[in-house]
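Descriptive structure summary
The primary structure of each chain is shown beneath.
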Amino acid sequence: MFPYIARKLLSFVILLTFLIFFILILQKSREGSAALILGGQRADAKELQLLEELTGNKLSITGHFVIVAKHLVQFDFGNTISGQPVIFVVLNAFLKTIVLAGFAGAFALIYGVSLGIYGHYNTSVQKYFEKINYAMMSAPIFIIALVLLWVFSLWLNWFMPGGVDSVFWFILPGIALGLKSGAHVYIFTDEYMRRELSKKYVLTAKAYGYKKHRVFSKFIFKNMSLPLFSFWLLELGSYLAGAAIVEMIYSISGVGNLLLRALLRYDVNLLIGILVLVSAMIFIITIVQELVDRVYAGFLGNHDEF
Amino acid sequence: MSFKAVKLKDNIPIIFVIAFPAVLGIFMLFGRPQIHPQLAYQKPYIHGITDFSLFGYSPLGEDMLGLMAWGYWQTVLVAVFGRGLALLLSFLGLFIAWTFVLPRLSIFKFQFKSHFGFFWMSRFSEAFMTIPSLLLALSLGYLIGEGFYTMIIVIGVSEWAFNQKWLLGRLNEYKRFPFIEASKAMGGGKLHIYGRHFLSFILSDLFFLFFLYLPGSLLTVTALEFLGLSSGSEIAGLGSIIALNKDLIFFYPHVILPPSALIIITVFISLVLKNKFMTKFTDLNKVRA
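Chains are numbered independently. Their residues run from 1 in the order of the written sequence. Lettering for chains starts from A, numbering for ligands starts from 1, and both go in the order in which the items are written. Predicted model: local features are reported for residues with pLDDT of at least 70 only, side-chain atom pairs are reported and counted for 80 or more only, and whole-chain, interface and lining totals are derived from all residues. As a rule here, side-chain values cover all heavy atoms of the structure and leave hydrogens and water aside.

1. A look at the overall build of chain A
The condition that has to hold: Elements are defined by DSSP. Helices are runs of H or I of four residues or more, strands are runs of E of two residues or more, and each kind is numbered from the N terminus. Relative accessibility thresholds used throughout: buried, under 20% of the residue-type maximum; exposed, over 50%; partly exposed, between the two (1.4 Å probe, protein chains only). Any two residues whose heavy atoms approach within 4.5 Å are treated as being in contact. Using a 1.4 Å probe, the Shrake-Rupley method yields the accessible areas, and only the shown protein chains count as cover for residues. Positive charges come from Lys and Arg, negative ones from Asp and Glu, while His and the chain ends are left out of the count. Each charge is placed at NZ for Lys, CZ for Arg, CG for Asp and CD for Glu.
In terms of helices and strands, chain A carries twelve helices and zero strands. Starting at the N terminus and walking to the C terminus, you meet the elements of chain A as α-α-α-α-α-α-α-α-α-α-α-α. Each principal axis of the C-alpha distribution contributes one length, and for chain A these read about 85 × 55 × 30 Å. Looking at chain A as a whole, 48% of its 306 residues are labelled buried. Within chain A, counting contacts between residues at least 6 apart in sequence, those at least 24 apart form 74% of the total. Carbon and sulfur atoms make up 66% of the accessible area of chain A, which totals about 15,200 Å². When the 25 positive and 18 negative side-chain charges of chain A are each reduced to one mean point, those points stand 11 Å apart.

Structural data, given as structure tokens:
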């Protein structure tokens, strides 16, 4: 397992090196600069010159790359154009995004699994569940987020329309982010249930006189838990991307909003910091997910080579 | 001679797929909607056979139907060409993976075998998948600069890795087919095997892959448009129309609800198409196996 992780880590580091270099090239060729954003119309030529030096705009691409690489090795990512340490700014935003993703993940799991199982328990509602979830899968996250905002915040006044003051404020954005993923979890649960219900052990359990809900909870759900967890971990990565949209709509100062700010303010250190940290997070999730898959394969007696 | 009965019910999705864009295309023939400040915010009305507006007017006084038709085509074309670029990149990546001999470098051992290209391309695409495609697309879009072609490049690059990983998996399966082994044993070179045996399989894979990720591409394009990446200076995509009018929902719902419904219908059609091709593809794979 260790050589496998080491190989993956090596390719991940090589890719990030390429990506950072590519971002620096694009940033240099982009119109405008961080100095212009900071100085605005008030700054004269001399002040702009000074700001250009301060923000690293005068550096060559390789020079800038060496500085960024040095910061990456020290794991501090340098400073933002406003002079704050990137690592603190990103981690502060990351915490909010993680809470949001946590809410979304929990909601998706509860929503998808409960609907998936209930659909097979009460088959008359199954086709409606299927249609609703297909419609959910067809809707972009921003439309779901906007509809929830209009209905529950602006019309019914049940939730705050934006900002973050307590954990309670994450509920509506969490639902908005998790609903689409919940539809994916529903499809997964439904397919799994369909497959398992046709297996012999279910028939045997029924023949022994187990009630429907006992068969579901005692046998099928138990069998489903590991692959479901693996599938859910795969979905977690998408929350970090979807968070960018939800954070913008609900004015949450998370990673997505920070990324937009970094792009609009030409803050290359902040941009690199966000992309590296988010990618590292997803890299860890991928490794955990593959470990879970390996454990599941072990249960099935199918030991794949890593 | 026998005729196979064609059921209308089975072909409804296909008919819808052709008819829906065609109807919107007809509305494009009337020309790009013009700004008429005096008609701004006007709600849908029907005063007569010639005097009507089915979807009302935008805050700038543009006809909403025309705006949606142009926006629909802009969004769909970006998604379709973006998918095309992603597939082209992954096709080239597959060729490199099959033909190139690169050192398989490991911190534990140094090997030099014939599948080095495959090994590196596989690792590289796996690593690429750890970067969230939407965040990558957003970053690239802002760094390169807005525009129709930028959006296509952004979609192509950010979605390349998923296609590449999928195609590499398929190549791994094809490599084990007995007739490939036989071709190798008879002295068939890498290029010969790729061109003569793999290509026909890969082309059908590419066709399937196009529809497999099309719903995702459409959602990414609309999301990028919503986040402020414009795919055209003169025509607003569907995501941009919603982003511009999202605060007007309670006063002028006609400027936001129809474009939202249009996006959902478009993605739903692509999902139906995906499912239809997935069934056909599974059948084809059974025949191949």
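Still to come is the rest of the account.
2. Structural notes on the overall build of chain B
When helices and strands are tallied, chain B shows eleven helices and four strands. Evaluated residue by residue, chain B yields a buried proportion of 49% over its 289 residues. Summarising the internal contacts of chain B: among those between residues at least 6 apart in sequence, 72% fall at separations of at least 24. Accessible surface, chain B as shown: approximately 14,300 Å² in total, 70% of it carbon and sulfur.

3. Re helix H9 (residues 214-226) of chain B
All names here are of chain B. The following threshold applies: Helix span, expected: 1.5 Å multiplied by one less than the number of residues in the helix.
Over its 13 residues, H9 runs 18 Å from end to end, which matches the ideal 18 Å to within 8%, given 1.5 Å per residue. Within H9, the full set of buried residues consists of Leu214, Pro215, Ser217, Leu218, Leu219, Thr220, Val221, Thr222, Ala223, Leu224, Glu225 and Phe226. Phi turns positive, to about 110 degrees, at Gly228, one or two residues after H9.

4. Thoughts on the interface of chain B and chain A
To keep it simple, the criterion reads: The quantity reported as buried area is the accessible area (1.4 Å probe) lost by two parts once they are put together, taken as the sum for both. Salt bridge, as used here, is a side-chain nitrogen of Lys or Arg placed within 4 Å of a carboxyl oxygen of Asp or Glu. Two N or O atoms count as a polar contact when they lie within 3.5 Å, although within protein this holds only if one can serve as hydrogen donor and the other as acceptor, and sequence-adjacent residues are included solely when both atoms are side-chain atoms.
Contacts between chain B and chain A engage 41 residues on the former and 46 residues on the latter. Buried surface at the junction of chain B and chain A, both sides included, amounts to about 4,000 Å², of which 83% is carbon and sulfur. Our count for the chain B to chain A interface comes out at zero salt bridges. The interface formed by chain B and chain A contains zero residue pairs in polar contact (both at pLDDT 80 or more). Breaking the side of chain B that touches chain A down by element, the ones donating at least two residues are helix H3 (116-128), helix H4 (133-144), H9, helix H10 (238-245) and helix H11 (257-288) of chain B. Ranked by residues supplied to the side of chain B that touches chain A, first place goes to H4(B) with nine residues.

5. Let's talk about the packing of aromatic side chains
To be explicit about the condition: For Phe, Tyr and Trp, rings pair up if their centres lie within 6.5 Å, where Trp contributes its six-membered ring, and each pair is then called stacked (planes under 30 degrees apart), edge-to-face (over 60) or tilted (otherwise). For a ring to carry a charge above it, either NZ of a lysine or CZ of an arginine must fall within 6 Å of the ring centroid while also lying within 35 degrees of the normal to the ring plane.
Enumeration over the complete set of coordinates arrives at 35 aromatic pairs over all chains. Considering the side-chain rings of B:Trp98 and B:Phe198, the 4.9 Å spacing of their centres and the 75 degrees angle between planes classify their relative orientation as edge-to-face. With B:Trp98 in helix H2 (residues 64-99) and B:Phe198 in helix H8 (residues 190-212), this pair connects stretches of sequence that are 100 residues apart. Of the two residues examined, B:Trp98 and B:Phe198, each falls in the buried class. When the ring of B:Phe177 is compared with that of B:Phe179, the centres are 5.8 Å apart and the planes differ by 40 degrees; the resulting orientation is tilted. Given a relative accessible area of 17%, B:Phe177 falls into the buried group. Following the ring pairs from residue to residue traces out a cluster consisting of B:Phe91, B:Phe95, B:Trp98, B:Tyr174, B:Phe177, B:Phe179, B:Tyr194, B:Phe198 and B:Phe201. The cationic tip of A:Lys212 hangs over the ring face of A:Tyr121; the distance from NZ or CZ to the ring centre is 5.9 Å.

6. What to know about the side chain of A:Glu247
All names here are of chain A. Among the secondary structure elements, Glu247 is positioned in helix H10 (residues 212-249). One buried charged residue, Glu247, forms no salt bridge at all, with the nearest opposite charge on Lys96 at 9.4 Å. What Glu247 contacts, discounting residues up to four positions off in sequence, is Thr97, Leu100, Ile252, Gly254, Val255, Gly256 and Asn257.

7. Looking at the domain arrangement of chain A
Residues and elements named next belong to chain A. Note the cut-off: An automatic or database domain assignment provides the domain bounds reported here.
By domain assignment, chain A separates into domain 1 (2-73) and domain 2 (86-302). One C-alpha centre belongs to domain 1, the other to domain 2; they are set 34 Å apart. Taken over both partners, the interface formed by domain 1 and domain 2 buries close to 1,600 Å², and the fraction arising from carbon and sulfur atoms is 75%. Counting every contact that joins domain 1 to domain 2 gives zero salt bridges. Our enumeration of links across domain 1 and domain 2 arrives at zero residue pairs in polar contact (both at pLDDT 80 or more). Those elements that place two or more of their residues in the side of domain 1 that touches domain 2 are helix H1 (2-29), helix H2 (34-39) and helix H4 (61-74).

8. Examining the pattern of salt bridges
Any two side chains of opposite charge can pair if their charged atoms end up close together. Tallied over the full model, the rule gives eight salt bridges over all chains. Note that B:Glu126 and B:Lys165 form a salt bridge whose closest N and O atoms lie 2.9 Å from each other. Of this pair, B:Glu126 sits in helix H3 while B:Lys165 sits in helix H6 (residues 160-175); the two residues are 39 residues apart in sequence, bridging distant segments of the chain. Taking the relative accessible area as the measure of exposure, B:Glu126 reaches 16% and is therefore buried. A salt bridge links B:Asp205 to B:Arg170; the shortest N-O distance between them is 3.4 Å. Of this pair, B:Asp205 sits in helix H8 while B:Arg170 sits in helix H6, placing them 35 residues apart in sequence. You'll find B:Asp205 and B:Arg170 in the same group, each marked buried. Overlapping salt bridges bring together A:Glu130, A:Asp190 and A:Arg194 as one network.

9. Some remarks on the confidence of the model for chain B
To be explicit about the condition: Per-residue confidence from the predictor is reported as pLDDT, a score between 0 and 100.
In the predicted model, chain B carries a mean pLDDT of 80, and the fraction of residues at 70 or more is 88%. Quick note on the complex model: pTM equals 0.84, ipTM equals 0.81.

10. Remarks on the side chain of B:Glu159
Note on placement: B:Glu159 falls in the loop between helix H5 (148-158) and H6. Setting aside anything within four residues of it in sequence, one finds B:Glu159 in contact with B:Arg83, B:Ala86, B:Tyr213, B:Gly216, B:Ser217 and B:Thr220.

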